[in-house]
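Structural description and commentary
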Amino acid sequence: MTGTPAGEGTRAVRAGLPDPVNHEPTLPGPVFAAHFHLSGDPTGPYAYGRESNPTWTHLERAVGELEAPGEPVETVAFASGMAAISAVLMSQLRSGDTVVLPSDGYQALPLVHEQLRAWGITVRTAPTGGDAQLAVLDGARLLWIETPSNPGLDVCDIRRLTGAAHAAGALVAVDNTLATPLGQRPLALGADFSVASGTKGLTGHGDVLLGHVSCRDAGKAAEVRHWRKIVGAIPGPMEAWLAHRSLATLHLRSDRQSATALALAESLRRRAEVTGLRYPGLPGDPSHPVASRQMRRFGCVVSFVLPDRDHAERFLRALTLVDDATSFGGVRSTAERRRRWGGDDVPEGFIRFSVGAEDPEDLLADVARALDAAAH
Ligand SMILES: *Cc1c(COP(=O)(O)O)cnc(C)c1O
C-alpha cells in the first residue's frame, strides 16, 4: 500500500499488505523455509531463514506503519519481547558504558542487570513515576524507559526524559508493550527505539510469543538486525503471520479493552476493600495528567490491592469469566496475584487485572460478585 490513510483503524487493517496481485491472497500465508533458491552470488533479500523471511518482512512493515505512520522507520521482529529488549541493550552497550533502567520495570529486567554487570556495564536504576530517571542520567549511554510500567502503572514524560537524555548524549529506548503503538508512539515523542513484546496486547489472543524493535536510524536498525542474526532469536513464520493477522483488529480490541478497563477502574474505586487502585486513564490517578498528554488509549491493565493474600486468592477463585493467568492484553480477561512470582515489589494482595473483549456489563458483574464472595 502506498499513501498514509488518516484513520488508525484503516491503517491497522491495511498495515503491511503487499500490493494486490491477481489470484494471490490479501495477506500472503506464512513462508516456511530454512533456505531459498539461490544461484551464484548471495544477493537479494532472501537466502537463509535465520537472516530474513518474507513473512517477517510483511509484519515488520505493518508494525512500522503503526509505530511511525507515514515516516521511514525500520522494524526488526524477534522471537519474544525479551529477545527484542536484549537485542537493543546488548547491541548498543559496551564494557565501560552506563545504562539507566527503571527500578519498577518488567520482572525479567533484573536478570538482564546481572548479565550487563558481568560484561562491565554500569547499571543505574530509578523509578518510573515522577520522571525520577532524570536524576541519574549523567554520563549514561542509554536510557531505558517503561511507561506505563508493568505492573505498577506509573507513567513518565517520554518527551521530557528524551530531551534530557539526548542533551546528556544518551540514546533512549521505550518499552511500549503495555500501550501498543495505538496507545502511544515513542518515536514521535523523541525516542530512538520503540521496543515491545508482541505477546501481549499487540497480538492479543494469548497464543504467540513475539517481540519487535522499531527505529528511524538505519544504522542502529542494522545493528539490532545483526544481533538477531548472531543470536538467532528469530520469530517463527507461523507466529509472525498470526501476529500480522491480529494487527487488523488491534484498534477494535484496544478501544473495547480500554473503555472496559476504565469502567472497571471506576467500579473498583467504589469498593471499600480495594486500595492502591491504578489506571492511567482514570481521572485522579497520579499517572493521568502525563498519560493524557502522551497516550491516545490507556491500555487494558488495571492494578489494585486487596487486603491480604487469602482475600486476593478467594477473589481470583470466585471469578468465572476471568482466567487466573499471567501475561495481559488478550481478548479473554486474565488476572493474577502478582506477588506469587516474588519478583515485583508489590503487596501480597496486589492484583494485576487484564481486561479482555467481553461485554463490559458481564465482566463488571463477575468482578462485583467475586469481590462480594471474597469478602466472607
Ligand atoms: C511481557 C513483557 C515483556 C517480555 O515479553 P516476552 O514476550 O514475554 O518476552 C517485556 N516488557 C514488558 C513491559 C512486558 O509486559
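Report on the accompanying structure.

Rules behind the numbers
Residues numbered from 1 in each chain as written. Predicted model: local features only at pLDDT ≥ 70, side-chain atom pairs only at ≥ 80, totals over all residues. Heavy atoms only, no water. 1 Å grid on protein atoms, 1.4 Å probe; cavity = no way out; pocket = protein on both sides within 12 Å on 5 of 7 lines; lining within 4 Å. Points joined across faces, edges and corners; volume = space filled by probe spheres on them. Nonpolar A, V, L, I, M, F, W, Y, C, P; charged D, E, K, R; others polar. Domains from an automatic or database assignment. Helix = DSSP H or I, 4+ residues; strand = E, 2+ residues; numbered from the N terminus. Pairing = 2+ DSSP bridges. Axes fitted to C-alpha atoms, helices over the stretch in contact; angles between N-to-C directions. Contact = heavy atoms within 4.5 Å. Phe/Tyr/Trp six-rings, centres within 6.5 Å; stacked < 30°, edge-to-face > 60°. Buried < 20%, exposed > 50% of the residue type's maximum accessible area, 1.4 Å probe, protein only. Near = heavy atom within 4 Å. Polar contact = N/O pair within 3.5 Å; in protein donor to acceptor, adjacent residues only side chain to side chain. Areas by Shrake-Rupley, 256 points an atom, 1.4 Å probe, with all protein chains shown as cover. Sits in = over half its atoms within 2 Å of the grid points.

Observations regarding empty space enclosed by the protein
Tallied over the full model, the rule gives two cavities of 30 Å³ or more. Here the largest cavity is characterised by a volume of approximately 130 Å³. Split by residue class, the lining of the largest cavity holds five nonpolar, eight polar and two charged. A domain split of the lining of the largest cavity shows at least three residues from each of domain 1 (8-247) and domain 2 (251-374). Size it by volume and the second largest cavity reaches roughly 50 Å³. What lines the second largest cavity is Leu 59, Val 63, Ala 77, Gly 198, Leu 202, Leu 210, Gly 211, His 212 and Ala 243. Looking at the lining of the second largest cavity, the elements with two or more residues in it are α2 (54-67) and β7 (211-215). Tallied by class, residues from the lining of the second largest cavity come to six nonpolar, three polar and no charged.

Looking at the sheet that holds strand β6 (residues 193-197)
The strands that make up a sheet pair up through hydrogen bonds in the backbone, lying either parallel or antiparallel. Read across the open sheet, the seven strands follow the order β1-β7-β6-β5-β4-β2-β3; overall the sheet is mixed. Each of the sheet's edge strands pairs with one partner strand only, and the pair in question is β1 (74-78) and β3 (122-126). Along the sheet, successive strands turn relative to each other by an average axial angle of 20 degrees, direction set aside. Here β6 pairs with β7 via five bridges, running antiparallel. The residue bridging Val 195 from the neighbouring strand is Val 213, located in β7.

Looking at the environment of Glu 239
Structurally, Glu 239 can be placed in helix α7 (residues 237-247). Between the C-alpha atom of Glu 239 and that of Thr 203, which follows or precedes it by 36 residues, the distance is 9.6 Å.

A word on the sheet that holds strand β11 (residues 334-337)
Taken in spatial order, the five strands of this open sheet run β8-β9-β12-β11-β10, and their pairing is mixed. Two strands in the sheet have a free side with no partner beyond their single neighbour: β8 (275-278) and β10 (323-324). One ladder, built from two bridges, connects β10 with β11; its direction is parallel. Looking at the pairing, Asp 323 lines up with Thr 334 of β11. Where helix α8 (residues 250-269) meets the sheet, its contacts fall on β8, β9 (301-305) and β12 (350-354), and the angle it forms with β9 comes to roughly 15 degrees.

Some remarks on the packing of aromatic side chains
Counted under the stated rule, the structure contains two aromatic pairs. Seen in terms of ring centroids, Phe 36 and Tyr 46 are 5.7 Å apart; in terms of plane orientation they differ by 40 degrees. Their pairing is tilted. Residue Phe 36 is found in the loop between α1 (8-14) and α2, and its partner Tyr 46 is found in the loop between α1 and α2; the two are separated by 10 residues along the sequence. Exposure remark for Phe 36: the relative accessible area of 17% places this residue in the buried category. Between Phe 304 and Phe 315, the aromatic rings sit 6.0 Å apart at their centres with planes inclined by 70 degrees, giving edge-to-face as the arrangement. Separated by 11 residues along the polypeptide, Phe 304 in strand β9 and Phe 315 in helix α10 (residues 309-318) bring together distant segments of the chain.

Details of the environment of Ala 173
Within the secondary structure, Ala 173 sits in strand β5 (residues 171-175). Separated by 11 residues in sequence, Ala 173 and Thr 162 have C-alpha atoms that sit 9.0 Å apart. In contact with Ala 173, not counting residues within four places along its chain, are Val 88, Leu 142, Leu 143, Trp 144, Ile 145, Phe 193 and Val 195.

Let's talk about the layout of surface pockets
Of the volumes computed, that of the second largest pocket is approximately 350 Å³. Along the walls of the second largest pocket sit 23 residues, with Met 82, Tyr 106, Ser 197, Thr 199 and Lys 200 positioned nearest its centre. Looking at the lining of the second largest pocket, the element that brings in the most residues is helix α3 (residues 81-92), giving three residues. Taken together, the residues of the lining of the second largest pocket break down into nine nonpolar, nine polar and five charged. Both domain 1 (8-247) and domain 2 (251-374) contribute no fewer than three residues apiece to the lining of the second largest pocket.

A look at the pairing of β6
Buried residues dominate β6, accounting for five of its five residues. Across the two faces of β6 the burial is the same, with Phe 193, Val 195 and Ser 197 and Ser 194 and Ala 196 all buried. As paired strands, β5 and β6 are joined by three bridges and run parallel to one another. For Asp 175, the partnering residue across the bridge sits in β6 and is Val 195.

Description of the site of the ligand
Near the ligand you find 14 residues, and of these Met 82, Asp 175, Ser 197, Thr 199 and Lys 200 are the closest. One nitrogen or oxygen atom from the side chain of Asp 175 is found 2.7 Å from a nitrogen atom belonging to the ligand. Measuring from an oxygen atom of the ligand, one finds a side-chain N or O atom of Ser 197 at 2.8 Å. Alone, the ligand offers 380 Å² of accessible surface; in the complex the protein occludes 94% of this. In this structure, the ligand is accommodated by the second largest pocket. The dominant element in the shell around the ligand, judged by the number of residues it contributes, is α3, at three residues.

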